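Fold and contact review
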Amino acid sequence: MNPYVLATLLSSLGLGTTLTFASSHWLLAWMGLEINTLAIIPLMAQHHHPRAVEATTKYFLTQATAAAVILFASTTNAWTTGEWDMANMSNPIATAMILAALALKIGLAPMHFWMPEVLQGLDLLTGLILSTWQKLAPLALIIQTAQAFDPLLLTALGLMSTFVGGWGGLNQTQLRKILAYSSIAHMGWMIIVLQYAPQLTLLALLMYVLMTSAAFLTLKLSSATKVNTLATVWSKSPILTMTAALVLLSLGGLPPLTGFMPKWFILQELAKQGLPLTATVMALAALISLYFYLRLCYAMTLTISPNTTTSTTPWRTQTTQASFPLALSTVMALGLLPITPTIMMLII
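Residues numbered from 1 in each chain as written. Predicted model: local features only at pLDDT ≥ 70, side-chain atom pairs only at ≥ 80, totals over all residues. Heavy atoms only, no water.

1. Side note on the UniProt feature "domain: NADH:quinone oxidoreductase/Mrp antiporter transmembrane" (unreviewed entry) in the protein chain
With numbering matched to this structure, UniProt assigns "domain: NADH:quinone oxidoreductase/Mrp antiporter transmembrane" (unreviewed entry) to residues 23-288. The span residues 23-288 shows a helical share of 77% and a strand share of 0%, and its end C-alpha atoms are spaced 38 Å apart. (UniProt positions renumbered as here; feature names shortened; annotations may be inferred. Helix = DSSP H or I, 4+ residues; strand = E, 2+ residues; numbered from the N terminus.)

Below you can see the structure in the form of structure tokens.
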């Protein structure tokens, strides 16, 4: 892609998200979401592969539907209340519609069906943008209007997303689909605690972005898109294989890795709010997700290629990918648990 075009698209991505962050007016927020969607579409379709074009079309249709519902719901709310301000969401039907549309935008269950299919059709870097940056603007709107939403609805969305994210990933062999289901499960963790402690939602989002960036960049460096390709990575770069396994366990939320911190805080907050049953169900749902991360670790580190796989060993060519972003995100995805007391002082 032409660098000038790429720069324009990336700056439009930034502009759309910033516009949504800064707005308290529904029309401006909707405009930011639309700029965001239109900026990523050429990035998704740039390879002109039928799978990429199909994924782009699916993504465009779902995002356009969600944007139309947001516009309709905010217009309905403005019609009944007389103002477009986000803080004044008194119409229950409009509020429920906006939550459904924003859930569709970030891929919360049961509006998650587009997410694995779209991510599977993209290359890893565009997939990384879709899994991290594209979640920011809708989540910012959900956080801003959280007090207007029905608590029971938020809890149901959170629980369903963690379970669907766990169950959906169990039977997958494609790494991008596994990361898509991982994303759905993490979004569930963020939504469940939103009504009690929005700062924990932000913390979980930050940790999710770090861990997902490390996972995608690792897969990009090793050119792996299927589970059986992972079994051949150790011969090419053993240290990368070790850190990749740890990053996956961090995504699963195992101590003493970074991913344990947000889950620990969220379970603690749920128990503090008098919801031990919800906390127990969330912890059990996290175990289901942990199983498929462990399966990936097993394929990567405990099987010896080529006896257990049909894939060919990749050429050991020098990569052109910059190693600094990967190194930085990996270190942060693995080693931030010791700063937990500092984070507790800042957010609690």
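There is more to say after this.
2. Focus on unusual backbone geometry
In this structure, Pro-110 follows Ala-109 across a cis peptide bond, with omega equal to 5°. By the element assignment, Pro-110 lies in the loop between α4 (92-106) and α5 (114-120). Along the chain, Pro-255 connects to Pro-256 via a cis peptide bond; the corresponding omega equals 5°. Phi angles above zero are rare outside glycine, and His-48 is one such case at about 55°. Checked against the element boundaries, His-48 lands in the loop between α2 (26-44) and α3 (50-81). Look at His-48 and you get exposed, because its relative accessible area is 68%. (Buried < 20%, exposed > 50% of the residue type's maximum accessible area, 1.4 Å probe, protein only.)

3. What to know about the side chain of Ser-289
Relative to the elements of secondary structure, Ser-289 occurs in helix α15 (residues 276-301). What Ser-289 contacts, discounting residues up to four positions off in sequence, is Gly-165, Gly-166 and Ala-185. (Contact = heavy atoms within 4.5 Å.)

4. Things to note about the pattern of salt bridges
Here the idea is simple: oppositely charged side chains can pair when their charged atoms come close. Taken as a whole, this structure holds four salt bridges when the rule is applied. One salt bridge in this structure joins Lys-58 and Glu-54, with 2.8 Å as the shortest N-O distance. Here Lys-58 and its partner Glu-54 are both found in helix α3, four residues apart, which amounts to about one turn of the helix. Between Lys-58 and Glu-117 there is a salt bridge, with the nearest N and O atoms lying 3.9 Å from each other. Remark: Glu-117 occurs in helix α5 and Lys-58 occurs in helix α3; sequence separation between them is 59 residues. By relative accessible area, Lys-58 is classed as partly exposed at 30%. A single salt-bridge network, built from bridges that share partners, covers Glu-54, Lys-58, Glu-117 and Lys-177. (Salt bridge = Lys/Arg side-chain N within 4 Å of Asp/Glu carboxyl O.)

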